[in-house]
Amino acid sequence: MEAFSDLKTPVFEITPSEIQSSLKKMGTVTKDSLSPGSRTALYYREGGEMLWFGRQGITDMADTLLQQLSHVDEIGFSASGFKVREIEEDLRRFKALDFDKQYTVNDVIARLEYRLTHAYLTYVAGQQYGFVNPKTAMNRVESKPDSLGNVKVQFVNQYDVPILRPTTAFYQKAIRKIANDSVGEMMREVEPTSPLYRHLQRQLSDSLGDKRMCVLVNMERCRWKERHPMPSTGKWVVVNIPAFMLYAYGPDSTMSMRIGCGKTASRTPLLTSAIEYMQINPEWNIPQSIVNNDVLHHAGDSSYFARHRYYIAERATGKKVAIRSVSRDMLASGKYRVSQDGGRGNSLGRIVFRFKNNFSVYLHDTSTPGFFQNSWRGVSHGCVRVQRPFDLAHFLLDDADEWTLDKIRISMDLAPETEQGREYIRTHEPEENENGRKLPRKLISYMPVKPHVPLYIIYYTIYPDENGQIQTYPDVYGYDKSVWNYLKKYI
């Protein structure tokens, strides 16, 4: 080689140590809070081996990646979101040996290596787990000025579904696929396959403006995957907030009904749980936040508490106390509980469906069903009010006999359907309290749901109705815009 040393041209001289130094520098100076960007930076910052170059130059995997990325418009994305043009320009320089002092061979190789890895990891992680983290996009939607007038974003936990996010093992697998010439296989493997996603993808070609944004945001929702899916029991219940609808799916049938949910100021949280039991004629223990906002200024007003059938009890002992003896300060202290007697007129209605969650929300009946006729049904402090509560109870109960169902009907003041139930009505007059008010016939007050039925409170502005027809719904809480603000960098 010494005989050819005088032919050496500096701009063509590849220096591995210089390339590694450039890669480490890019990994150090790059500030990217998104997972693929931070993983790419970490890989090269820690001296990771080159993935896209070998002794024969750049590998075919780079062409495979670029070929796949040339079709990102099919999922509504822009190639610019993956820096495809910049990668193609550096690739052209490398293949044409178009180097000079400004674009040295080492700089071009380092830049190609880094950008190819970043684009690849961004695509596969995004398609597998979502390009947007919903806990970031949907739980940081409140803004509030501080005492100096500076607007600060508040963290409000509204999306409480435990979802999968890319792990170290996922990125290690993705990197191994490059070494094994399996980039195309990996990119196909991560494609979402749900029927709704495929339907939305087909809609893209005919969607413009706000409609296109809506389609892309709902495609993104299809990418989010739950970390611990609920075990299948053959039944499940879905509440879709934008549709103001509940869907109950069984082995042989689907039931749907209208719902009321949280107002904009008190949104119903998005969550996954399982309905465990139901209570008939429940008392309503009023949350402290509602006491502070709605009840506090009525402290000492016995007529107000009587009209609403509220009573006050000490939290520590459960002992009821006289209304006139409790001041505003005492109610605000949280040491006293305000509750509403069960039965007719109770805010929870005649039945409530309980499930574990971090918000003290539940599905329940209502004493004011008139709002079900409205198209906008954001009416609650966060709970979900259901239009046909007995039908939902019947759906949830496996193998309930007719007398059990009639005991629920009678307890809810519904007409019985068995002769035994009708006979009970004829022979049992309802009791009265000290004020002459008729009390509910409490044939049954608690009913377990076994097995527990999975419940999903979701937020899709494009979603199939009870007949399987895809419908579009308004963005009632503004979550489409919140997700779009993070997603649009790829568009």
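The preceding data block contains the structure.
What counts and how
- Residues numbered from 1 in each chain as written.
- Predicted model: local features only at pLDDT ≥ 70, side-chain atom pairs only at ≥ 80, totals over all residues.
- Heavy atoms only, no water.
- Buried < 20%, exposed > 50% of the residue type's maximum accessible area, 1.4 Å probe, protein only.
- Helix = DSSP H or I, 4+ residues; strand = E, 2+ residues; numbered from the N terminus.
- Arc of directions from axis to C-beta.
- Contact = heavy atoms within 4.5 Å.
- Phe/Tyr/Trp six-rings, centres within 6.5 Å; stacked < 30°, edge-to-face > 60°.
- Lys NZ or Arg CZ within 6 Å of the ring centre and 35° of its normal.
- Salt bridge = Lys/Arg side-chain N within 4 Å of Asp/Glu carboxyl O.

Visitor: So what exactly am I meant to see when it comes to helix H11 (residues 288-295) here?
Guide: Two residues of an α-helix separated by three or four positions point the same way, owing to the 3.6 residues in each turn. Those residues of H11 that fall on the buried side of the exposure criterion are Ile290, Val291 and Val295. Projected down its long axis, H11 carries its buried residues within an arc of 105°, all on one side. In the core, the buried residues of H11 are packed alongside strand S9 (284-285), helix H12 (302-307), strand S10 (310-314) and strand S12 (336-340).

Visitor: Would you mind going over helix H14 (residues 389-396) with me for this structure?
Guide: Counting buried residues along H14, six of its eight residues qualify, which places the element largely inside the surrounding structure. Looking at H14, one finds that the buried residues are Pro389, Phe390, Leu392, Ala393, Phe395 and Leu396.

Visitor: Please clarify how the packing of aromatic side chains should be interpreted in this entry.
Guide: Here the distance between the centres and the angle between the planes together describe a pair of aromatic rings. Enumeration over the complete set of coordinates arrives at 27 aromatic pairs. Here the aromatic rings of Phe371 and Phe372 are separated by 4.2 Å at their centres, their planes lie at 35°, and the arrangement is tilted. As far as the burial class goes, Phe371 and Phe372 line up, both buried. In textbook terms, an aromatic cluster arises when at least three aromatic residues are bridged by ring pairs, as seen for Phe77, Phe82, Tyr123, Phe131 and Tyr490. The side chain of Lys235 reaches across the aromatic face of Phe395, ending 5.0 Å from its centre.

Visitor: Explanation requested: the pattern of salt bridges in the structure shown.
Guide: Side-chain pairs of opposite charge can arise where the charged atoms are in close proximity. Tallied over the entire structure, the rule returns 22 salt bridges. Two residues, Arg350 and Asp413, come together in a salt bridge whose shortest N-O distance is 3.0 Å. Of this pair, Arg350 sits in the loop between S12 and strand S13 (351-355) while Asp413 is found in the loop between helix H15 (402-411) and helix H16 (419-427), placing the two residues 63 residues apart along the sequence. With a shortest N-O distance of 2.6 Å, Arg388 and Asp391 are connected by a salt bridge. Overlapping salt bridges bring together Glu89, Arg92, Arg93 and Asp98 as one network.

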